[in-house]
Amino acid sequence: MPAKRVWKPLGSVENTGEIERLRMELASFNERIQELEKQNPEASKIEALRVSAVVLARQIDEIRCSSANDLADLLAK
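Here the structure is a predicted model, which means the values were calculated and not measured. (Residues numbered from 1 in each chain as written. Predicted model: local features only at pLDDT ≥ 70, side-chain atom pairs only at ≥ 80, totals over all residues. Heavy atoms only, no water.)

(A) Representation of the confidence of the model for the protein. Residues at a pLDDT of 70 or more form 66% of the protein, whose mean pLDDT is 75. For the stretch residues 5–9, pLDDT sits under 50, and the model shows 1 contact to residues farther than four places along the chain or on other chains. (pLDDT = per-residue confidence, 0-100. Contact = heavy atoms within 4.5 Å.)

Dropping the structure here:
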């Protein structure tokens with residue numbers, strides 16, 4: 001049986017909640033992109049949604065990195 005990765009939240013509950021909220025918003029953008037591609041592949045609308053999705057993904061990464069940095073600072077003490 002292969003090992004299964006278990007994600008444990010790092011940082012405060014506030015960061016975890018923010019990450020979850022951003023993930024849900026990102027999933028919504030991705031769903032909308034798929035719908036638009038099926039209906040009418042109008043490049044400008046799809047590209048705008050993709051840019052928004054990338055911004056959200058970066059926000060998620062920034063929150064995760066700040067949590068990891070906080071943990072590293074605590075461990076260094």
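Back to the text.
(B) Structural context of the nonpolar core. Among the nonpolar cores identified, the biggest contains 12 residues, and these are Ile19, Leu22, Leu26, Phe29, Ile33, Leu36, Ile46, Leu49, Ala53, Leu56, Ile60 and Ile63. Those elements giving two or more residues to this core turn out to be α1 (13–39) and α2 (43–76). (Core = buried A, V, L, I, M, F, W, Y, C linked by side-chain atoms within 4.5 Å. Buried < 20%, exposed > 50% of the residue type's maximum accessible area, 1.4 Å probe, protein only. Helix = DSSP H or I, 4+ residues; strand = E, 2+ residues; numbered from the N terminus.)

(C) Looking closely at the pattern of salt bridges. All told, the structure shown has 4 salt bridges when counted by the stated rule. Between Arg23 and Glu20 there is a salt bridge, with its nearest N and O atoms 3.9 Å apart. With Arg23 and Glu20 both in helix α1, this residue pair falls 3 residues apart, about one helical turn. Of the charged contacts in the structure, one is a salt bridge between Arg32 and Glu35, with a shortest N-O distance of 3.2 Å. Here Arg32 and its partner Glu35 are both found in helix α1, 3 residues apart, which amounts to about one turn of the helix. For Glu35, a relative accessible area of 37% translates into the label partly exposed. (Salt bridge = Lys/Arg side-chain N within 4 Å of Asp/Glu carboxyl O.)

(D) Broad picture of the environment of Ile46. Within the secondary structure, Ile46 is located in helix α2. Sequence-wise, Ile46 and Glu35 are 11 residues apart; in three dimensions their C-alpha atoms are separated by 9.7 Å.

(E) Looking closely at the environment of Arg23. Taking the relative accessible area as the measure of exposure, Arg23 reaches 39% and is therefore partly exposed. For Arg23 and Gln59, which are 36 residues apart along the polypeptide, the C-alpha to C-alpha distance reads 9.9 Å. Not counting the four nearest positions on each side in its chain, Arg23 is found in contact with Ile60 and Arg64.

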